[in-house]
Amino acid sequence: MGWNKTQNIRGPSAASADAGNITGAGSDGLLYTPAAWLLIADLTLHVATTGSDTTGDGSQAAPWATPHRAMAFLRGVLPADGVFVTISIADGAYTFSKELNLNHPQGTQISIEGTSTSGTRPTGTSLNGGGGKGYSTTTESFNDAKLKAFYRTQWQFNGCDGLRCDLGGGVTVDKLLIRGNGTAYTDGVLAGGKDPLRIQQSLFIDKASTGSINLGQTVGVHNFGGVGIATGYGGSICAEAVTVTNTKSDGIRTYFGGSIQAYQATISNCNGDGIATCHGGSINAMDAMAANNLKNGIICFYGGSILAKGATAANNLQSGVMIRHGGTIYASAANASRNGQNGFATSYGGSIYAGDLTAASNQKNGIYIGYGGNILASAATLTGNGESAAKAEGDGFLRLNGAIYDGIFSPPANTLGNGKAYIQTI
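What counts and how
- Residues numbered from 1 in each chain as written.
- Predicted model: local features only at pLDDT ≥ 70, side-chain atom pairs only at ≥ 80, totals over all residues.
- Heavy atoms only, no water.
- Helix = DSSP H or I, 4+ residues; strand = E, 2+ residues; numbered from the N terminus.
- Contact = heavy atoms within 4.5 Å.
- Phe/Tyr/Trp six-rings, centres within 6.5 Å; stacked < 30°, edge-to-face > 60°.
- Buried < 20%, exposed > 50% of the residue type's maximum accessible area, 1.4 Å probe, protein only.
- Core = buried A, V, L, I, M, F, W, Y, C linked by side-chain atoms within 4.5 Å.
- Pairing = 2+ DSSP bridges.
- Salt bridge = Lys/Arg side-chain N within 4 Å of Asp/Glu carboxyl O.

Helices and strands together make up the secondary structure of the protein chain, namely 3 helices and 41 strands. A separation of at least 24 residues holds for 54% of the contacts in the protein chain among residues at least 6 apart in sequence.

This paragraph deals with the packing of aromatic side chains. Enumeration according to the criterion identifies 13 aromatic pairs in this entry. With 5.2 Å between their ring centres and 55 degrees between their planes, Phe96 and Phe157 make a pair best called tilted. One end of the pair, Phe96, is in strand β6 (residues 92-96); the other, Phe157, is in strand β9 (residues 153-157), and 61 residues separate them in sequence. The exposure class assigned to Phe157 is buried, which follows from its relative accessible area of 0%. Measuring from centroid to centroid gives 5.9 Å for Tyr233 and Tyr255, while their planes differ by 85 degrees, and the two rings are edge-to-face. Of this pair, Tyr233 sits in the loop between β16 (229-232) and β17 (236-238) while Tyr255 is found in strand β19 (residues 252-255), placing the two residues 22 residues apart along the sequence.

Residue position: Asp250 is located in the loop between β18 (243-245) and β19. Between the C-alpha atom of Asp250 and that of Ile229, which follows or precedes it by 21 residues, the distance is 8.4 Å.

The next point concerns the nonpolar core. By size, the foremost hydrophobic cluster in this structure holds 86 residues, and its most contacted members are Ile112, Leu163, Leu215, Ile229, Ile367 and Leu400. By residue number, the principal contributor to this core is helix α1 (residues 67-74), which donates 4 residues. Once residues lying within four places of it in the same chain are set aside, the contact partners of Leu215 are Leu163, Val173, Val189, Ile229, Ile237, Cys238, Ala239, Glu240 and Val242. With 7 residues, the next largest nonpolar core counts Ala276, Cys278, Ile299 and Phe301 among its residues.

Taking burial as the measure, the 8 residues of α1 include 7 buried ones, the bulk of the element. Within the span of α1, buried status applies to Pro67, His68, Arg69, Ala70, Met71, Phe73 and Leu74.

This part is about the pairing of strand β12 (residues 176-180). Most of β12 is tucked away: 5 of the 5 residues are buried. Of the strand pairs in this sheet, β9 and β12 are connected by 4 bridges, and their pairing is parallel. Bridging from a neighbouring strand, Gln154 pairs with Leu177 of β12.

The final tally for this structure, using the stated rule, is 6 salt bridges. Note that Glu99 is salt-bridged to Arg164, the shortest N-O span being 3.2 Å. With Glu99 in the loop between β6 and β7 (100-101) and Arg164 in strand β10 (residues 163-165), the pair connects residues that are 65 residues apart, well separated along the chain. One salt-bridge network, in which partners are shared between bridges, spans Glu140, Asp144, Lys148 and Arg179.

Taken in spatial order, the 12 strands make up an open sheet running β7-β10-β13-β16-β19-β22-β25-β28-β31-β34-β37-β40, and their pairing is parallel. Strands with a single pairing partner mark the edges of an open sheet, and in this sheet they are β7 and β40 (409-410). Alignment of strand β31 (residues 344-347) against strand β34 (residues 365-370), held across 4 bridges, turns out to be parallel. The residue of β34 that forms the bridge with Thr346 is Ile369.

With respect to the helices and strands, Gly310 occurs in the loop between β26 (305-307) and β27 (312-314). Relative accessible area serves as the criterion here: at 24%, Gly310 is assigned to the partly exposed category. Residues Gly310 and Asn335, spaced 25 residues apart in sequence, show a C-alpha to C-alpha distance of 7.2 Å. Leaving out residues up to four positions away in the same chain, Gly310 has contacts with Asp287, Ser332, Ala333 and Ala334.

With that settled, consider the pairing of strand β37 (residues 388-393). Here β37 lies mainly inside the structure; 5 of its 6 residues are buried. Two strands pair when backbone bridges link them, and β34 and β37 are joined in this way by 5 bridges, in the parallel orientation. Looking at the pairing, Asn365 lines up with Ser388 of β37. Sheet topology places β37 next to β40; 2 bridges connect them, and they run parallel. Each residue of the ladder has a partner; that of Ala390, found in β40, is Phe409.

Below, the discussion takes up the side chain of Asp144. Within the secondary structure layout, Asp144 lies in helix α2 (residues 137-150). With a relative accessible area of 10%, Asp144 lands in the buried category.

Inspection of the secondary structure assignment puts Val219 in strand β15 (residues 219-222). Exposure remark for Val219: the relative accessible area of 0% places this residue in the buried category. Once you skip the residues sitting within four places of it in the chain, Val219 turns out to touch Tyr151, Val173, Asp174, Lys175, Leu176, Ile178, Val242 and Thr243.

Geometrically, the link from Ser410 to Pro411 is a cis peptide bond, its omega value of 0 degrees lying close to zero. With respect to the helices and strands, Pro411 occurs in the loop between β40 and β41 (422-424). One non-glycine residue with positive phi stands out, namely Asn246, at about 55 degrees. Within the secondary structure, Asn246 sits in the loop between β18 and β19. Positive phi, normally seen in glycine, also occurs at Asn414, with a value near 60 degrees. Residue Asn414 is classed as partly exposed on the basis of its relative accessible area, which comes to 25%.

Fair warning: the whole summary comes from geometry, so function is off the table for now.
What follows is the structure in structure tokens.
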């Protein structure tokens, strides 16, 4: 390995008992410090099902057994500018009982990668639980078989969260299936710290209010008992084209300033909402698909924001695209069809900007606005909805200039009614 050595201070070998020790004297009496362990050449560390965290040294000939051991070693290593570390994960099924912490001050120079995949990656409608909604043994088994046929490197987390980063970070993870065993309140991928006020009160002094993770475009998150991917309190996750299936809560969630980049993501068969943000969180869900979930496909509430241009929210038990108690969704050219309630909806404030939207074959309304919300949906297509093409009430406002529709408007177009609600078509 390439180490930059300074007088009286040196870096440990990978096999050293002191690897990862940055808190005090090593076993040989020398004090190790992060400044000493400066990596000056690219490095590949190896993990395999045949490896050992005790006798391995991270080389290809003597790999470690877990990525946890590799990350523990790297916490005592600072890559020099332009130097990168790859943790190569050999094919196989790995089982862990402890979450993988990705905290590192230079995480953007670290990547964790499975070695190969097989066939065509399952996305979109191919991950629909066989047509069922929400989490069940049938929908989980259907999606699980699709995912396991593609991902040759599989991480199974039993009774614990999957990946977490709450300090620094930016580690890239790719070519992996990250799988839980459905244990309650376990989440798949988490970034961000605790409430900053509680940090000040020393209730969570070990947690920071930042953290980031970069999920590559070939990652699946499946079968967790809580949320699939979540950020909060300043955390961020890049999850472009990621698939999240069969969680027992929401598929993707941000809150209190967290952000998620979920462009072209697939979220299906979750027992909560597919994509959700609240209290100032934000999500980029352009061209994403949120389908077959037990609540709403895409929802924003209490001041969050979602970019859902070109997104699809279909066959969810509640509404396709929803705002409640404030928030903003930009959803031009989005499609919300075959949902159990409304296609697009706001309730108790909030705004949806969605020109050229399509809301078809929803069981209630194509578009619904209640109690102060507003939706701007010029050139919308509203067909085959069960109760009405569009309904507004309680000061709600809907603009439908140039809409194509069948069914009724309530109140009638360009007429004040339903508690001063108004639907404009001219």
